[in-house]
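# Architecture and fold: a report
These are the residues of each chain, in order.
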Amino acid sequence: MRSPLAFFFCVCCIASEMCKGESSVFLQVAVEVPSYAMTGGEATLGCSFHLTGTPIYSIKWYHNGTEFYRFVPTERAHAISDQSSGDFFVTEVFRSDQRVTLSLSRLKPSASGNYLCEVMAEHPSFLKEAVAGEMTVLREPLSPPVIAGAQHSYHSSEEIEIKCHPRHASPTGYAPVLHWLLDGRQVDHELVRPLPARRPQHAPGLALHLPATQVVAAGGSVRAECRISLGPHARSHSAFTTLMVTDALHIGPHSYLSAAGLSTIFGCSWACVLLECAVIVLLDGGSVRI
Ligand SMILES: *[C@@H]1O[C@H](CO)[C@@H](O)[C@H](O)[C@H]1NC(C)=O
């Protein structure tokens, strides 16, 4: 984000140098407005500006054309007409001579719309620049997705297949993304497969295909998480299920590392011993140590 902006400023600087004589005042403005936020939630708005040749007269923010923030350096107190807006509350979280960052909180759906930052230079030029961004405040937060097809327990020879689907239709214009995680780690691409959407307006699902032996290798039980998110800046929601492989449960979550120890093998059926051997072989990459 920063470097293209810097480049832009640079190009403008050169341009303004070339135009010297006509006017030595140069003003450039850029905004950061999140494309969506949740009802009741928060959004951070950023306005960066670059003004040369004259001081700033005012910085203002407008929502759908209505001013809700104003900073005039020459005036002692700066007015934030926040409470007057029934759509959100405003807090100034940062201000410098190059940037203003605002936090909008307690967002209502009516806080959707156009957010415009306007910067004006001092007299005599009163040069003005304004840049806007659009934000949509979603009425309903994303619901955790739905996991289907999970069994109470699995056999170590099985291929585990579970499905995950969004619970609700996607908000217009947004495509939620699903991810599978095992014990908090995102799974490899080869373990997941896309599923068709269950209903129109629903985002596609995502299936997890996992050989039960991988659960055995992880100690006989893993926590599977299906996570839904609208994007990197949106809060995600998850559904969980525990995948258990019963014929491997006697192997404690970490004991497989020392499974060659007699204590683990004692009191175990031959089937288990064989299974442990298989695990050890897998873990040791083929070198049997028993
Ligand atoms: C602002 O405009 C958006 C989009 O047109 C609309 O959804 C929203 O309700 C408007 N809010 C106000 C307070 O005008």
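In the block above lies the structure referred to throughout.
Everything numeric here is computed off the predicted structure, so don't read it as measured data. (Residues numbered from 1 in each chain as written. Predicted model: local features only at pLDDT ≥ 70, side-chain atom pairs only at ≥ 80, totals over all residues.)

All right, on to the site of the ligand then. Close contacts around the ligand come from Asn-64, Asp-87, Ser-110, Ser-112 and Gly-113, and that covers them all. Here the residues of the shell around the ligand are counted per class, giving no nonpolar, four polar and one charged. (Near = placed C-beta within 6 Å. Nonpolar A, V, L, I, M, F, W, Y, C, P; charged D, E, K, R; others polar.)

The four strands are arranged β10-β11-β15-β14 in an open sheet whose pairing can be described as antiparallel. The strands lining the two open edges of the sheet, one partner per strand, are β10 (146-148) and β14 (192-195). Across the sheet, the axes of successive neighbouring strands diverge by a mean angle of 25 degrees, strand direction being ignored. Note: strand β11 (residues 159-165) against strand β15 (residues 205-211), six bridges, orientation antiparallel. Each bridged residue has a counterpart across the sheet, and for Lys-163 the counterpart in β15 is Ala-207. (Pairing = 2+ DSSP bridges. Helix = DSSP H or I, 4+ residues; strand = E, 2+ residues; numbered from the N terminus. Axes fitted to C-alpha atoms, helices over the stretch in contact; angles between N-to-C directions.)

At the junction of His-123 and Pro-124, the peptide bond is cis and its omega measures out at 10 degrees in the coordinates. Looking at the element boundaries, Pro-124 is found in the loop between β8 (113-121) and β9 (128-138). One non-glycine residue, Arg-106, lies in the positive phi region at around 45 degrees. Note that Arg-106 resides in the loop between β7 (99-105) and β8.

Moving on, we come to the nonpolar core. By size, the foremost hydrophobic cluster in this structure holds 26 residues, and its most contacted members are Leu-45, Cys-47, Trp-61, Leu-104 and Leu-107. Put simply, the parts of the chain that give this core at least two residues each are β1 (26-32), β3 (43-52), β4 (56-63), β5 (66-71), β7, β8 and β9. Beyond its immediate chain neighbours, meaning those up to four positions away, Leu-45 contacts Glu-32, Val-33, Trp-61, Leu-102, Leu-104 and Tyr-115. Core analysis: the second largest hydrophobic core is formed by 20 residues, Leu-208, Val-215, Ala-224 and Leu-243 among them. (Core = buried A, V, L, I, M, F, W, Y, C linked by C-beta atoms within 7 Å. Buried ≥ 20, exposed ≤ 12 C-beta atoms within 10 Å, placed from the backbone. Contact = placed C-beta atoms within 7 Å.)

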